[in-house]
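# Structure at a glance
Read off the chains here:
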Amino acid sequence: MSESRPPESRLSETLPESRALAYAARDGAPASLSYRRAGRPGAPVVLLIHGVGMAGEAWAPQIEALAERYDLIALDMPGHGGSSLPPEDARLSDYADPIIALMDALAIPAAVLIGHSMGALVALETALSHPARVRGVAALNAVFCRSGAQRDAVLARAESLAQEGPTASHEAAIGRWFGTPVPEPLEASAARVAALLAAGDPVGYARTYALFARSDAAHRDRLPALTVPALFMTGDGDPNSTPAMSQAMAALAPRGQAEVLAGARHMMNLTAPAAVNARLLAFLDEVTPAFDTKAFRQALGSFLTGVTVVTTRDGAGEMRGFTANSFSSVSLDPPLILICLARTASSFPVFSAAQGFAVSVLAADQKDVSALFASKSPDKFAGAPWHLGPAGNPVIADASAWFDCTRHEVVEAGDHVILIGHVRGFGATPAAPLGYCRGAYVDFALGQQALATRDEPARVGAILESDGAVLLVEDGKGGLDLPTGACLEPAGNPRSLRGALARLGIEGELSFLFAVFETPAAVKDAPPTVSIYYRGGFAGTPRAAAGARLVPLEAIDFARLPDEATRAMLARYVRERREDTFGIYVGDAERGRVHALAGAVPPTTA
């Protein structure tokens, strides 16, 4: 492969208008990040991060090639384009944190990051510091552990830039990136790059280049913890981001792969766009498959629902029923409800032909009924009390609510059918409904009681586990404690639980409530402290330097924990983890009750 002039020489004329995001810099000062967004809304998100002296528009060939299949965001890194300056003592985190702020503002849970040169360092920093937010990384022309001569040369350029200004540095960069003299096929690309360099902020350029010069080994010890797929790609004609560097990074990253493009130099995304784009598309296909049905189902499981039993009688009068959470209201006038039924369900022939059905919304104490109707028991109705509703369908006794319907319409919907029923009778009781979320039953009444005691809980903590070990934090006095904060959110608040976890280098994945209790105040007549603890896991590598310790469950030194309430709570966690049956403790620091949370049989749509 040899480099040639890209098909378009006017790189930015067809790009969308830039937008700006306001965020708080490391020192709390107001800052802004400029970005352009193009491509297919709703598609997997790909973030493009340019190198030193460039701007988001340098990705024009990639935007043109990828926009049909992906939602693309090309940003101007701090100190470049329309973005505000980084701090004088710039760190890689000053470039990575605004990316997370942008994703938060745009409600992007996770994205693939593609970075070039300095942008590759920023992409890797983001992935290593915020692993839950990154689906994959492509590091183009990245630098890594320069040789002594290479390091001396780049540091000399940084010093020259600080003393003499950017003009000479820009001219030297064009020579390094394109050759001296610039080959005729590359003249248009070189002229565009020169224009971007000349238009840049000299202060932003100098601060970023100084950071780039000293950050080549920043990820040497952290790359083995990079959990996402990673592509390290460079050209065999790049003397500063060499093939050996990409190969070394790929060898350290558990899911890394290296690719060297023959005949390509440093600015290969502009001078060899066809080859670069083809490889990026192949990588994106690996990282973002067409559709992950399993992940889709898991995502749907995050929606908190009730649990129902759907029943009917066939033409011979035989009663049939199944457990489901795919139930919804449709209309008040006429009164309509719906359920969804899988075509593969054994009860599909009966319900799709039935002239009516009933839906019973189970109460919190009816987990056994849910399990019964989710089973293959030959006589489910013998194990649960029931009565006939006004439309002639069986209704489960003592349910939180029930609706008896005649058939209104059957709608074809992919691998399911939607049964719409006309409500002919209904009833409701004061009983709290049974809930279901992420594979476990949820007691709504318990959650309301536990959380209603304080508007702003004074202590929020978490029991976070990874591979049989729990995360504890050294208190500096020889003791250990669970990570806690004065509130749950946001991560930017150092007093919050999220903020405490961020200091430890991880992102907590909080699954369910584990304990809610009060501790009497030390001061007379002061209100008690309310503590709320969650259980779950985490993403990232805990920082030992910040006091984080991963302690195997069987090796916890309970004597080092701060108080009896924490010791009892963690001992209960170890016991329930071993039995795989969790509950929620509600009470005070000395007395309370563990409420059962999870059952063994999930609701189905069949």
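Please read these numbers as outputs of a predicted model, since none were measured by experiment.

### Observations regarding the side chain of Arg146
Turning to its location among the elements, Arg146 is positioned in the loop between strand E6 (134-140) and helix H4 (148-164). Since its relative accessible area comes to 7%, Arg146 is described here as buried. In this structure the side chain of Arg146 is engaged in a polar contact, spanning 3.5 Å, whose partner is the backbone oxygen of Phe212. Sequence-distant contacts of Arg146, that is, excluding residues within four places in its chain, are made with Arg151, Val154, Phe212, Ala213, Asp216 and Met245.

### Re the sheet that holds strand E7 (residues 230-235)
Spatially, the eight strands line up as an open sheet ordered E1-E2-E4-E3-E5-E6-E7-E8, and their pairing is mixed. The open sheet terminates on both sides in strands that have one partner only, identified here as strand E1 (19-24) and strand E8 (256-261). Ignoring strand direction, the axes of neighbouring strands in this sheet form an average angle of 25°. Packed onto the sheet, helix H3 (residues 118-129) meets strand E3 (45-49), strand E5 (111-116), E6 and E7 and runs at close to 150° relative to E5. In the packing of helix H10 (residues 273-287) onto the sheet, the strands contacted are E3, E5, E6, E7 and E8, and the crossing angle to E6 comes to about 160°.

### Here we look at the sheet that holds strand E10 (residues 308-313)
Within the open sheet, the seven strands sit side by side as E11-E10-E14-E17-E18-E13-E12. Their pairing is antiparallel. This sheet does not close on itself; its edge strands, each paired only once, are strand E11 (319-324) and strand E12 (327-331). Neighbouring strand axes in the sheet, compared pairwise and without regard to direction, differ in orientation by 35° on average. By the bridge criterion, twelve bridges tie strand E17 (residues 401-413) to strand E18 (residues 416-428) in an arrangement that is antiparallel. Within the sheet, the bridge partner assigned to Val410 lies in E18 and is Leu419. In the packing of helix H13 (residues 367-374) onto the sheet, contacts are made with E10 and E11, and the angle to E11 comes to roughly 115°.

### Focus on the packing of helix H2 (residues 93-105) against H3
At a minimum axis separation of 9 Å, H2 and H3 run at an interaxial angle of 65°. In this structure, the crossing between H2 and H3 has a hand that is right-handed. Between H2, through Ser93, Tyr95, Ala96, Ile99 and Ile100, and H3, the contact on the second element is made entirely by Met118, Val122, Glu125 and Thr126.

### Focus on the environment of Pro433
Relative to the elements of secondary structure, Pro433 occurs in the loop between E18 and strand E19 (434-437). Judged by its relative accessible area of 30%, Pro433 falls in the partly exposed class. Considering only alpha carbons, one finds Pro433 and Gln366, 67 residues apart in sequence, at a separation of 9.0 Å.

### Structural notes on the nonpolar core
Membership of the largest hydrophobic core comes to 67 residues, with the highest contact counts inside it found for Leu47, Met118, Val193, Leu226 and Phe232. Take this core: its biggest share by element is eight residues, from H3. Setting aside chain neighbours within four positions, we find Val193 in contact with Met54, Ile174, Trp177, Phe178, Met267 and Leu270. Formed by 26 residues, the second largest nonpolar core is a distinct cluster that contains Leu15, Leu48, Tyr70 and Met268.

### With respect to the pattern of salt bridges
Opposite charge on two side chains lets them pair, provided their charged atoms get close. Following the criterion strictly, the structure yields 18 salt bridges and no others. Taking the shortest distance from any N to any O, the salt bridge between Arg146 and Asp216 comes out at 3.3 Å. Residue Arg146 is found in the loop between E6 and H4, and its partner Asp216 is found in the loop between helix H7 (202-214) and E7; the two are separated by 70 residues along the sequence. Of the charged contacts in the structure, one is a salt bridge between Glu412 and Arg343, with a shortest N-O distance of 1.9 Å. Residue Glu412 is found in strand E17, and its partner Arg343 is found in the loop between strand E13 (336-342) and helix H12 (348-353); the two are separated by 69 residues along the sequence. Taking relative accessible area as the criterion, Glu412 reaches 56% and is therefore assigned exposed. One connected set of salt bridges, linked through shared partners, spans Arg26, Asp89 and Asp94.

### Considering the confidence of the model for the chain
Averaged over every residue, the pLDDT of the chain is 87; the share at 70 or more is 88%. Across residues 1-13, where pLDDT falls below 50, the model places 33 contacts with residues more than four positions away in sequence or in other chains. pLDDT under 50 marks residues 445-457. Its contacts with residues more than four places away, or in other chains, come to 16 contacts.

### Some points on the packing of aromatic side chains
The final tally for this structure, using the stated rule, is eight aromatic pairs. Measuring from centroid to centroid gives 6.2 Å for Tyr205 and Tyr209, while their planes differ by 15°, and the two rings are stacked. In this pair, Tyr205 and Tyr209 are both assigned in helix H7, four residues apart and thus about one turn of the helix distant. The residues Tyr205 and Tyr209 share a single accessibility class, namely buried. Seen in terms of ring centroids, Phe403 and Phe426 are 6.4 Å apart; in terms of plane orientation they differ by 20°. Their pairing is stacked. Residue Phe403 is located in strand E17, and its partner Phe426 is located in strand E18; the two are separated by 23 residues in the primary sequence. Grouping aromatic residues by their ring pairs yields a cluster made of Tyr205, Tyr209 and Phe212. The side chain of Arg146 reaches across the aromatic face of Phe212, ending 4.9 Å from its centre.

Parameters and conventions
Residues numbered from 1 in each chain as written. Predicted model: local features only at pLDDT ≥ 70, side-chain atom pairs only at ≥ 80, totals over all residues. Heavy atoms only, no water. Helix = DSSP H or I, 4+ residues; strand = E, 2+ residues; numbered from the N terminus. Buried < 20%, exposed > 50% of the residue type's maximum accessible area, 1.4 Å probe, protein only. Polar contact = N/O pair within 3.5 Å; in protein donor to acceptor, adjacent residues only side chain to side chain. Contact = heavy atoms within 4.5 Å. Pairing = 2+ DSSP bridges. Axes fitted to C-alpha atoms, helices over the stretch in contact; angles between N-to-C directions. Left-handed = near helix turned anticlockwise from the far one by under 90°. Core = buried A, V, L, I, M, F, W, Y, C linked by side-chain atoms within 4.5 Å. Salt bridge = Lys/Arg side-chain N within 4 Å of Asp/Glu carboxyl O. pLDDT = per-residue confidence, 0-100. Phe/Tyr/Trp six-rings, centres within 6.5 Å; stacked < 30°, edge-to-face > 60°. Lys NZ or Arg CZ within 6 Å of the ring centre and 35° of its normal.

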